[in-house]
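# Chain and residue survey
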Amino acid sequence: MTNGTARRRFLAGLAAFSCSPTLAQDHGGHSHAASAGPPPDRLATQFGGPFTLTDHNGRRVSDRDFRGRFMLVYFGFTRCTDTCPVDLPIIAQALDAVGPLADKLVPLFITVDPGNDTPPVMATYVAAFHPRLIGLTGSEAEIAATAKAYKVHRRKLTQPHHGAGEYAVDHGSLTYLMGPDGRFVTLLPHNSGAERLAAILRKYLA
């Protein structure tokens, strides 16, 4: 088994675990009595962390700029041909489905291919999916650190049909919901469906 395969299986297991009924909990700072209520989420400190990146308008932003609102975080790249074209429309449809509740949420698309995905490229790409979607890019070091914090694998691949200098990027495809305090709330695996995502968002945003 390759390291990449093992890593993907590990994350898939976490995704299945995190979507179980016992995991859907509020991480907004509420305490739980020892004798009542569900136990603290064991994954609450495993995903996410501080970042400073550049948005698709060329402005430097950090995770702290989004405090007070939930963050819906997805990693991908603009030349993706399989996972991103499936998951980003799902995110867009879910945002429309929750209506005004979406004002409590910031949807973020973080590139795993900063060498190609400059702010202008990201601006054109995110606009094709939803007007509220924010594209984030940065230096290789900044993207590497952010991907590591979210446990997102990414690996350049060269395939037979690629020309000189062309490549694809194998990357994680989980969608992360982070709380208003910046801490992990829950995650969904690839192709979870707009209805399911909207239902989860309503649960936390209402």
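Attention now moves to the overall build of the protein chain. Tallying secondary structure elements over the protein chain gives 5 helices and 9 strands in all. Mapped from its N terminus to its C terminus, the protein chain presents α and β elements in the order α-β-β-β-α-β-α-β-α-β-β-β-β-α. Taken over 206 residues, the protein chain has a buried fraction of 48%. The contacts of the protein chain with a sequence gap of at least 6 include a subset with a gap of at least 24, amounting to 71%. Total accessible area on the protein chain is roughly 10100 Å²; 56% of this is exposed by carbon and sulfur atoms.

All right, on to the side chain of His171 then. Mapped onto the elements of the fold, His171 is located in strand S7 (residues 168-171). Within the local environment of His171, its side chain forms a polar contact with the side chain of Thr83, the two groups lying 3.3 Å apart. With sequence-adjacent residues up to four places away left out, His171 is seen in contact with Tyr74, Phe75, Gly76, Phe77, Cys80, Thr83, Cys84, Val112, His153 and Arg154.

Further remarks concern the confidence of the model for the protein chain. When pLDDT is averaged along the protein chain, the result is 82, and 74% of the positions lie at 70 or above. The model gives residues 1-38 a pLDDT under 50, and that stretch makes 47 contacts with residues more than four places away or in other chains.

Attention shifts here to the side chain of Thr78. Note that Thr78 resides in the loop between strand S3 (70-76) and helix H2 (84-98). At a separation of 2.5 Å, a polar atom in the side chain of Thr78 contacts the side chain of Asp117. Ignoring any residue separated from it by four or fewer positions in sequence, one finds Thr78 in contact with Phe109, Asn116, Asp117, Val121, Met122 and Tyr125.

A word on the sheet that holds strand S4 (residues 105-111). With mixed pairing, 7 strands are arranged side by side in an open sheet as S2-S1-S5-S4-S3-S8-S9. This sheet does not close on itself; its edge strands, each paired only once, are strand S2 (60-62) and strand S9 (184-188). Shown here is a sheet whose adjacent strand axes are inclined to one another by a mean of 35°, direction ignored. Bridge count between strand S8 (residues 175-178) and S9: 4 bridges; the pairing is antiparallel. Note that in S9 the partner of Leu177 across the bridge is Thr186.

Before going further, it helps to examine the packing of aromatic side chains. Tallied over the full model, the rule gives 8 aromatic pairs. Consider the rings of Phe47 and Tyr176, whose centres lie 5.6 Å apart with planes at 55°: the pair is tilted. Of the two residues, Phe47 is situated in the loop between helix H1 (3-18) and strand S1 (52-55) and Tyr176 in strand S8; the sequence distance between them amounts to 129 residues. Across the pair, exposure class does not vary: Phe47 and Tyr176 are buried alike. Note on Phe109 and Tyr125: the rings are 5.5 Å apart at their centroids and 35° apart in plane angle, and the pair reads as tilted. Remark: Tyr125 occurs in helix H3 (residues 119-127) and Phe109 occurs in strand S4; sequence separation between them is 16 residues. In this structure, Phe109 and Tyr125 share a single accessibility class: buried. Members of the aromatic cluster, each reached through a chain of ring pairs, are Phe47, Phe75, Tyr150, Tyr176 and Phe184.

Tracing the chain through its elements places Thr124 in helix H3. Of the residues examined, Thr124 reaches a relative accessible area of 59% and is grouped as exposed. Sequence-wise, Thr124 and Thr78 are 46 residues apart; in three dimensions their C-alpha atoms are separated by 9.4 Å.

Here we take up the pairing of S4. Most of S4 is tucked away, with 7 of its 7 residues classed as buried. The side-chain alternation of S4 yields two buried faces, one formed by Leu105, Pro107, Phe109 and Thr111 and the other by Val106, Leu108 and Ile110. Of the strand pairs in this sheet, S3 and S4 are connected by 7 bridges, and their pairing is parallel. In the sheet register, Phe70 faces S4, and the bridge partner there is Leu105. With H2 bridging S3 and the parallel S4, this β-α-β connection has right-handed handedness. Where S4 meets strand S5 (residues 134-137), 3 bridges bridge the pair, whose relative direction is parallel. Bridging across to S5, Ile110 finds its partner in Leu136.

Parameters at a glance
- Residues numbered from 1 in each chain as written.
- Predicted model: local features only at pLDDT ≥ 70, side-chain atom pairs only at ≥ 80, totals over all residues.
- Heavy atoms only, no water.
- Helix = DSSP H or I, 4+ residues; strand = E, 2+ residues; numbered from the N terminus.
- Buried < 20%, exposed > 50% of the residue type's maximum accessible area, 1.4 Å probe, protein only.
- Contact = heavy atoms within 4.5 Å.
- Areas by Shrake-Rupley, 256 points an atom, 1.4 Å probe, with all protein chains shown as cover.
- Polar contact = N/O pair within 3.5 Å; in protein donor to acceptor, adjacent residues only side chain to side chain.
- pLDDT = per-residue confidence, 0-100.
- Pairing = 2+ DSSP bridges.
- Axes fitted to C-alpha atoms, helices over the stretch in contact; angles between N-to-C directions.
- Phe/Tyr/Trp six-rings, centres within 6.5 Å; stacked < 30°, edge-to-face > 60°.
- Right-handed = clockwise from strand over helix to strand, strands pointing away.

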